[in-house]
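Descriptive analysis of the structure
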Amino acid sequence: MSNARPTEGAGEPLTLALQRVPRERVDMSPVTPSALAHASARDVPGIELRAGNRRVRVGEIFDVSGEDTAHVAIRNSCDRLDRLGAGMRFGRMAIHGDTGTHAGAAMAGGVLEIHGNAGAFAASGMAEGFMHLSGNAGDFLGAAIAGDAAGMRGGTVVVDGSAGDRVGDRMRRGMVLIGGDVADCCAARMIAGTIVVRGRAGRRTGVAMRRGTLLVTRVPALPATFADGGPPPRTFLRLLQRHLRNAGGPLAPFAQMTDDIRRFVGDRAYGGLGEILVAQ
Amino acid sequence: MTNNGVVIDDTFAEAFGMRATRLVITAASAAWARHAAVAMTGYATSVIGCGCEAGIERELEGEATPDGRPGVSVLVFAISREELAKQVERRVGQCVLTSPTSAAYSGLDGDERIDLGRKLRYFGDGFQTSKLLGARRYWRIPVMDGEFVCEETAGVARAIGGGNLLIVADGVAQALAACEAAIAAMRDVGGVIMPFPGGVVRAGSKIGSKYAALPASTNDAFCPTLAGITKTALDPAARAVLEIVIDGLTEDAVRSAMREGIAAICAIGAPGGVRRITAGNYGGKLGKFHFPLREIAE
């Protein structure tokens, strides 16, 4: 799963420990392995971050230690830290604590581990890479960033907990795996890709869905514009199962699937051929 | 060099570079996977007239296939990547897509690829969908028993065609028995196929003909009925010759298959009516790959 680039100057991970909860929201996107590719660890405390309508230096709000910039750890993270891991192309980031919005947004590679909860728009516009969230995700997980035609375009996101509204909104490619439940409008306007929800989905699931696959354990009621999709696609499900099992790690639990699956196709109000597979 | 009374000629089999792919065909049962594989590798004995040489490499248990169902791996060899692509598209389209419960996957990795499901998907008439799992893209084409799942592309390898053994015996029955034993042993070697019927060819050919239109004609030097009237390669006691042609993904695979074949033939040996093992070559001028019999048999 890892596309972490081999570390050149191996050593202790570059570690940023938050000193106190900042008053403003802080844009953390300048501190990723790829953004620091040409910087040395000594430069890190001097890096400017946008914090509300002002700028702060990393060293003013974080205690910085370690030297391996290909592996960045954030300690004491909180929901004021936005855009953690956003735009990262390679390397590994471990976030200990919650994140603000847009964690892993537009990621194009590497591994982002969040040991906590993520705010809205996590993995939005993600193109490649792997994100593992041990807690819950907010709304718009893997969705389109405002103004973008498509949401997630590749990569894999695993959420051990639950997620909010509009998971995979306008999602184009890639895979989102959710261990818990999702709120309303999951897979809304979905263009393609795969979403697996081990728990329940909320209302208006799949609304305006064009293509793609949503595998979910239970939905209260699908929009009336979803048609019966006939027998479940067993060969494809076996491929998916094997893919998840072989990937292992946090993906492995998602390989457990029941054979008792109903298939629905829609959203026919939009000419959609999206598929919702409901495990009974 | 003699083994169990069988003379192994000091010669080499001359083989050519080809392009090959391996496809894995799965189905609801091993029997249905075999039906699809047999159909798609039919009429594929020689590139001279069939466009490709193809055969079943081995049967696969569920654990060894991408979708966990029983399957068959098939090797297809052609003279160029373009011809290989054409043959694979036609054969998979007509023989695998049509076969109940089947699915088709690439059995080779690598950057050089040919289309597998990329064009076949249009059979879905707009209802086809694609799925990307890891680095592999699959097409799901609605058909009357559900869906035909087909990987988008298949890997292509630089391969070897035309490895061969010529078995000279006291009679047809003895030559056939030796070939059957050899083929049974060679089928256990991975990465090779013996594309002729039952793995054996009785119409060995030489290059050229007295008829200008024909690129190849009967190998008169090895025809027992012509021994008295042509420049023969047979001694008077030889009454039948059969040939085994081997196509392999690597030189090592061809070599291993030849070694297994020679061993099985020699195990029958002179007591079973086998006199000699030789090989077909063109003096080393045409084929890039040479497989010396004695070195392989040692």
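What counts and how
Position numbers for residues start from 1 in each chain and track the written sequence from start to end. A letter from A marks each chain and a number from 1 marks each ligand, given out in the order of writing. Where totals are concerned, whole chains, interfaces and linings use all residues; where local detail is concerned, this predicted model gives features only for residues with pLDDT of at least 70, and gives and counts side-chain atom pairs only at 80 or more. We count a stretch as a helix when DSSP gives it H or I for four or more residues in a row; a strand needs E for two or more, and each element gets its number in order from the N terminus. Within these notes, the globule rule equals 2.2 Å times the number of residues to the 0.38 power, and the radius of gyration is based on C-alpha atoms. Buried means a residue has 20 or more other C-beta atoms within 10 Å of its own C-beta, exposed means 12 or fewer, and partly exposed covers the counts in between; C-beta atoms are placed from the backbone. An automatic or database domain assignment supplies the residue ranges for each domain. We call two residues in contact when their backbone-placed C-beta atoms lie within 7 Å. Any residue that is not Ala, Val, Leu, Ile, Met, Phe, Trp, Tyr, Cys, Pro, Asp, Glu, Lys or Arg is counted as polar, Gly included; the first ten are nonpolar and the last four charged. Structurally, a nonpolar core is described as a collection of buried Ala, Val, Leu, Ile, Met, Phe, Trp, Tyr and Cys residues joined by way of C-beta atoms within 7 Å. Orientation is described by lines fitted to C-alpha atoms, with helices fitted over the stretch in contact, and by angles between N-to-C directions that extend from 0 to 180 degrees. Here is the rule for angles: anything less than 35 degrees is roughly parallel, anything more than 145 is roughly antiparallel, 65 through 115 is roughly perpendicular, and the remaining ranges are oblique. Crossing handedness is read from the near helix: turned anticlockwise from the far helix by less than a right angle, it gives a left-handed crossing, and turned clockwise, a right-handed one. By this rule, a helix spans an expected 1.5 Å times one less than how many residues it contains. Starting at the helix axis, one direction is taken to each C-beta atom, and the arc is that of these directions.

Observations regarding the overall build of chain B
- A count of helices and strands for chain B gives seven helices and 18 strands.
- A compact globule built from 298 residues should have a C-alpha radius of gyration of about 19 Å, and chain B, at 21 Å, falls within 12% of that.
- Each principal axis of the C-alpha atoms in chain B carries an extent, and together these give about 65 × 45 × 30 Å.
- Looking at chain B residue by residue over its 298 residues, the buried ones come to 47%.

With respect to the domain arrangement of chain B
Residues and elements named next belong to chain B.
- Along its sequence, chain B is carved into domain 1 (2-14 + 159-297) and domain 2 (19-157).
- Spacing between the C-alpha centres of domain 1 and domain 2 amounts to 30 Å.
- At the interface, 11 residues of domain 1 touch 13 residues of domain 2.
- Class assignment for the residues of the side of domain 1 that touches domain 2 results in eight nonpolar, two polar and one charged.

Some remarks on unusual backbone geometry
- With an omega of 5°, the peptide bond running from A:Gly266 to A:Asp267 counts as cis.
- Note on placement: A:Asp267 falls in the loop between β16 (261-266) and β17 (274-279).
- A positive phi angle is found at A:Arg83, which is not glycine, with a value near 55°.
- Positionally, A:Arg83 belongs in the loop between β7 (81-82) and β8 (92-97).
- Unusually for a residue other than glycine, B:Asp125 sits at a positive phi of about 55°.
- B:Asp125 gets classed as exposed once you count the C-beta atoms within 10 Å, which come to 9.

Things to note about the nonpolar core
- Ranked by internal contacts, the top residues of the largest apolar core, which has 170 residues, are A:Leu141, B:Ile25, B:Val76, B:Ile167 and B:Ile265.
- When we break this core down by domain, the ones giving at least three residues each are domain 1 (2-14 + 159-297) and domain 2 (19-157) of chain B.
- In this view, A:Leu141 contacts A:Ala122, A:Ala123, A:Val157, A:Val159, A:Ala163, A:Val167 and A:Val176; residues no more than four positions away in its chain are not counted.

A closer look at the interface of chain A and chain B
- Contacts between the two partners involve 13 residues from chain A and, on the opposite side, 15 residues from chain B.
- When residues in the side of chain A that touches chain B are grouped by element, the largest group, seven residues, is from helix α2 (residues 234-247) of chain A.
- Among the residues making up the side of chain A that touches chain B, the classes are represented as six nonpolar, three polar and four charged.

A few points about the packing of helix α5 (residues 172-186) of chain B against helix α6 (residues 251-268) of chain B
All names here are of chain B.
- The N-to-C vectors of α5 and α6 enclose an angle of 140°; their axes lie 8 Å apart at closest approach. Judged by the inter-axis angle, α5 sits oblique to α6. Like other packed secondary-structure pairs, α5 and α6 cross with a definite hand, here right-handed. When α5 is examined against α6, the residues Ala177, Ala178, Ala181, Ala182, Ala185 and Met186 are found in contact with a partner set consisting of Ala257, Glu260, Gly261, Ala263, Ala264, Ile265 and Ile268.

Some points on the environment of B:Thr218
Residue and element names in this part refer to chain B.
- Here Thr218 is to be found in strand β15 (residues 216-218).
- With 148 residues separating them in the primary sequence, Thr218 and Pro70 have C-alpha atoms 41 Å apart.
- The residues contacting Thr218, other than those within four sequence positions of it, are Ala203, Ser205 and Cys223.

Notes on the packing of helix α1 (residues 30-40) of chain B against helix α3 (residues 81-96) of chain B
Residues and elements named next belong to chain B.
- Axis separation between α1 and α3 bottoms out at 9 Å; the angle between their running directions is 140°. By the angle class used here, α1 and α3 are oblique. The crossing of α1 and α3 is right-handed. Listed contacts from α3 to Ala36, Ala39 and Met40 of α1 are Arg91, Val92, Cys95 and Val96.
- The class makeup of the residues in the contact of α1 with α3 is six nonpolar, no polar and one charged.

Overview of α5(B)
Residue and element names in this part refer to chain B.
- Between the first and last C-alpha of α5 there are 21 Å, a value that for 15 residues agrees with the 21 Å anticipated at 1.5 Å per step.
- Three or more residues of α5 are buried, namely Gln174, Ala175, Ala178, Cys179, Ala182 and Met186. Projection of α5 onto a plane perpendicular to its axis shows the buried side chains occupying an angular sector of 130°, all on one side.
- Buried residues belonging to α5 abut β12 (157-169), β13 (192-193), β16 (240-248), α6 and β17 (274-278).

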